[in-house]
Amino acid sequence: MYPVYYESAPRRDFISVMVSKEPPEPPSKRRQSCRRVWNRLSRLQRTIICAILLVGAMSGLYIANGLMNELPDDKDTLSQRHNVFPNDNVVHVMDQRHPDKDTKANQRLHDNDDKDGEDQKLHFEQQEREKKENLEREEKAKMKPKIADAVVQPEVKGQKESIVGNQEEDEGIGAAGGELEVNEEKKTKGQSQVGADVQVQVPNMEDGVGPQNAQQKAVVEAFKHAWKGYKQYAWGHDELKPISKAASDWFGLGLTIIDSLDTMWIMGLMEEFEEARRWVEKDLVLKKNVDVNLFETTIRVLGGLLSAFHLSNDGLFLEKARELGDRLMPCFNSPSKIPYSDVNLDTGKAHPPRWGPDSTTSEVTSIQLEFRELSHQTGNDKYKNAVDEVMGHIQSLPKENGLIPIFVNARSGQFRAGATITVGARGDSYYEYLLKQWLQTGKTEDKLRDEYVAAIEGMQKNLVKSTAANGLKFIGELVRGSFSPKMDHLVCFLPGTLAIGHHNGLDASHLELAKELAKTCYQMYADMPTGLSPEIAYFNINNPGKPDIEVKNADTHNLLRPETVESLFYLYRLTGDKQYRDWGWKIFQAFEKYTKVQGGGYSSIGSVKDTKNPRFRDKMESFFLGETLKYLFLLFSDDPTLLSLDKYVFNTEAHPLPIWRP
Ligand code: DMJ
């Protein structure tokens, strides 16, 4: 009876019965009774018991062996990660970008501690499957990553080490009294490996990158048309003159190519991207005897290179960004540390603008995102320190209701007394970068947020008014202390910025103002016969019998600017209201109708009021490809993870830079 019971009962039950329900017999007595039971068994019964015990022992050995083979795999996974990034700093940077990767791996290992043998086996089998699937996914991703993945999880292959170089050596570049001293030997050392072993990731057209619908396709066609003209007539120059089918240069840095890099990436135009990359590698010469504007070069070229680096994971772009950063650094060697507006890229001589003594306030306060990101990527704090010092100084100056005059002197460090206060030209991106710097560092620098909030309150109080006829809200200016109902198209960036601020926890009144201003900005297009906005509009605040918007003859031009479609993108992304898309589509169609040039390119026009003769100005600004078409493409995207606004902050030239994790 007993043996039958022992055999058929589960082993664990047997043990628990023996231990918990019956008092144990003394060992000698128990051994004797076992022997008696054994002797009473027939030979057949003994053989069966022996066979069962043998099979049991072999199964035990087999399971134990399986466990030994499985356990080291997780360790391998961890050590592989460390082999890929042997440098401590690199691991740290990568961890910031993969905040949950290690946590998940650790959780898996920790979970295993709680499992019994059978569960463990199942668990390990599942892990095996997962590992295989992951490997397959990684292989696929190498070929066709989602844009969101490609940019959030760049696998830096070696370039970090070569970029970081030697900090002391770096200090020699661009230091000393505004003169640029480039030690070629040292630079070569730092550059040697960069771009050599580059694996450019290819975005996936079906997977969130590239056009997904008819409207996006139309925008991509527009980009291709613009690119065709540029490539044919202006390749390597700053801009295309689409009417005369010629090129024009401002700094001689191939502005259109660099401004377009990330747009091409996002649109999935990989052939064009590769071609542009080759130009950057072979033909972009930064040691050039040319005076460049610090702000324009920073937002277009430095921003464009950094963003291209993030999207493609190609160290060439970071190396070029670093060299450019070094060549711009002499601007900061001013008595007040407010940077000079211009610098010669070869000699390093920095100076105020040719047309006046002062730097522009929005210019010196809208280079921070790019220089800070350069420090973040290179590990060299000098870039960040320089621009943070500028911000610190501007923060220390007295302001009226958080609003700033548009000029500041690089020698005295003081605002120009009586200078205009505006959210348009020369003031605009100061406000934009207050918010975006706060976002860039993961909302850690609350002083910047507070200054932004104070500035928006200052605008509400002093600059926001409504038209008499239809109550259109707009933002005017203070000229020598008096209100002027003038608004630049440039101000139309503000609705987008306000919407991002609200998305990040700022007051609901910000979103309300954003919606009102976006309506006004769209009206600046819709009210014009061509459907395109003038550069500047005046608003009628006194006479209800007069139209809301008046355009002076000198202001009727349209430069293909992005600000309105930029705001429409943010508002659509953050509210889901399709009206913003409809407005954007109408604006796009007007660009197509009145600015497209046969044979290739788009041109700014002289009059948005004249449908018969809009007067081509023969200029295609680089920001048309870098910003306007990019924001239109993003506006028509249904995928909120495409350059997620929780992961990226766009610089003022529409180049996405990653938000750091605190
Ligand atoms: C661009 O260079 C940037 O958007 C800048 O902030 C303002 N001007 C142009 C676009 O209009």
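Residues numbered from 1 in each chain as written. Predicted model: local features only at pLDDT ≥ 70, side-chain atom pairs only at ≥ 80, totals over all residues. Heavy atoms only, no water.

**Things to note about the overall build of the protein**
Working step 1: Of regular secondary structure, the protein possesses 27 helices and 16 strands.
Working step 2: When contacts within the protein are restricted to residue pairs at least 6 apart in sequence, those whose partners lie at least 24 apart make up 70%.
Working step 3: Working note: accessible area of the protein is about 30100 Å², and carbon and sulfur atoms make up 51% of it. (Helix = DSSP H or I, 4+ residues; strand = E, 2+ residues; numbered from the N terminus. Contact = heavy atoms within 4.5 Å. Areas by Shrake-Rupley, 256 points an atom, 1.4 Å probe, with all protein chains shown as cover.)

**What about the environment of Ala-222?**
Working step 1: Looking at the element boundaries, Ala-222 is found in helix α13 (residues 214-234).
Working step 2: We classify Ala-222 as buried; its relative accessible area is 1%.
Working step 3: For the pair Ala-222 and Glu-592, spaced 370 residues apart in sequence, the C-alpha to C-alpha distance is 7.9 Å.
Working step 4: Not counting residues within four places of it along the chain, the set of residues in contact with Ala-222 comprises Phe-588, Glu-592, Tyr-602 and Leu-629. (Buried < 20%, exposed > 50% of the residue type's maximum accessible area, 1.4 Å probe, protein only.)

**Considering the site of the ligand**
Working step 1: Taken together, Ile-299, Arg-300, Leu-490, Arg-561, Pro-562, Glu-563, Phe-623, Glu-627, Thr-652 and Glu-653 make up the full set of residues near the ligand.
Working step 2: Within the side chain of Glu-563, one N or O atom sits 2.6 Å away from an oxygen atom of the ligand.
Working step 3: Coverage of the ligand by the protein amounts to 92% of the 290 Å² it exposes when considered alone.
Working step 4: Those elements that place two or more of their residues in the shell around the ligand are α16 (294-312) and α27 (622-635).
Working step 5: Split by residue class, the shell around the ligand holds four nonpolar, one polar and five charged. (Near = heavy atom within 4 Å. Polar contact = N/O pair within 3.5 Å; in protein donor to acceptor, adjacent residues only side chain to side chain. Nonpolar A, V, L, I, M, F, W, Y, C, P; charged D, E, K, R; others polar.)

**Structural notes on the packing of helix α25 (residues 563-575) against α27**
Each packed pair of helices is defined by two parameters, the angle between the axes and the distance between the axes.
Working step 1: Packing of α25 against α27 brings their axes to within 8 Å, and their N-to-C directions diverge by 20 degrees. When the interaxial angle is binned, α25 and α27 end up roughly parallel. Of the two possible hands of crossing, α25 and α27 adopt the one that is left-handed. Residue-level inspection shows Val-565, Glu-566, Leu-568, Phe-569, Tyr-570, Tyr-572 and Arg-573 of α25 in contact with α27, the latter providing Glu-627, Thr-628, Tyr-631, Leu-632, Leu-634 and Leu-635.
Working step 2: Tallied by class, residues from the contact of α25 with α27 come to nine nonpolar, one polar and three charged. (Axes fitted to C-alpha atoms, helices over the stretch in contact; angles between N-to-C directions. Parallel < 35°, antiparallel > 145°, perpendicular 65-115°, else oblique. Left-handed = near helix turned anticlockwise from the far one by under 90°.)

**Points about the pairing of strand β13 (residues 536-539)**
Across a regular strand the side chains alternate sides, sitting on one face of the sheet and then on the other.
Working step 1: Alternating residues of β13 divide into Ile-536 and Tyr-538 and Ala-537 and Phe-539, and every residue in both groups is buried.
Working step 2: As paired strands, strand β12 (residues 486-488) and β13 are joined by three bridges and run antiparallel to one another. By the bridge assignment for β13, Asp-488 is matched with Ile-536.
Working step 3: Where β13 lies against strand β14 (residues 549-550), two bridges are found, and the strand directions are antiparallel. Bridge assignment links Tyr-538 to a residue of β14, and that residue is Glu-550. (Pairing = 2+ DSSP bridges.)

**Points about the sheet that holds β13**
Working step 1: Ordered by their spatial adjacency, three strands build an open sheet running β12-β13-β14, and the pairing between neighbours is antiparallel. The sheet is open, and its two borders are formed by β12 and β14, each paired with just one other strand.

**Section: a nonpolar patch on the surface**
Working step 1: Where nonpolar side chains cluster on the molecular surface, the patch consists of Leu-44, Ile-48 and Ile-52 and spans about 290 Å² of accessible area.
Working step 2: One can find Leu-44 in helix α4 (residues 43-70).
Working step 3: The class of Leu-44 is exposed, set by a relative accessible area of 60%. (Patch = residues over 30% accessible without salt bridge, like charges linked within 9 Å, V, L, I, M, F, W, Y side chains within 5 Å. Salt bridge = Lys/Arg side-chain N within 4 Å of Asp/Glu carboxyl O.)

**Some words on unusual backbone geometry**
Working step 1: One non-glycine residue, Arg-426, lies in the positive phi region at around 75 degrees.
Working step 2: Inspection of the secondary structure puts Arg-426 in the loop between β7 (407-408) and α21 (428-440).
Working step 3: By relative accessible area, Arg-426 is classed as partly exposed at 32%.
Working step 4: Located in the positive-phi region is Arg-480, a residue other than glycine, with phi close to 45 degrees.

**Here's the deal with the packing of aromatic side chains**
Working step 1: Overall, the coordinates contain 25 aromatic pairs when judged by the stated rule.
Working step 2: Arg-416 extends its terminal NZ or CZ atom over the ring of Phe-407, reaching a point 4.1 Å from the ring centre.
Working step 3: Taking the ring centre of Phe-483 as reference, the NZ or CZ of Lys-465 above it sits at 4.7 Å. (Phe/Tyr/Trp six-rings, centres within 6.5 Å; stacked < 30°, edge-to-face > 60°. Lys NZ or Arg CZ within 6 Å of the ring centre and 35° of its normal.)

**Overview of the sheet that holds strand β5 (residues 350-351)**
Working step 1: Judged by pairing direction, the sheet is antiparallel, and its three strands sit side by side in the order β3-β4-β5 without closing on themselves. The strands lining the two open edges of the sheet, one partner per strand, are β3 (291-293) and β5.
Working step 2: When strand β4 (residues 342-344) meets β5, the two strands line up antiparallel, connected through two bridges. Residue pairing in the sheet places Val-343 in a bridge with Ala-350 of β5.
Working step 3: In this fold α16 packs onto β3 and β4, with an angle of close to 70 degrees to the strand it touches most, β3.

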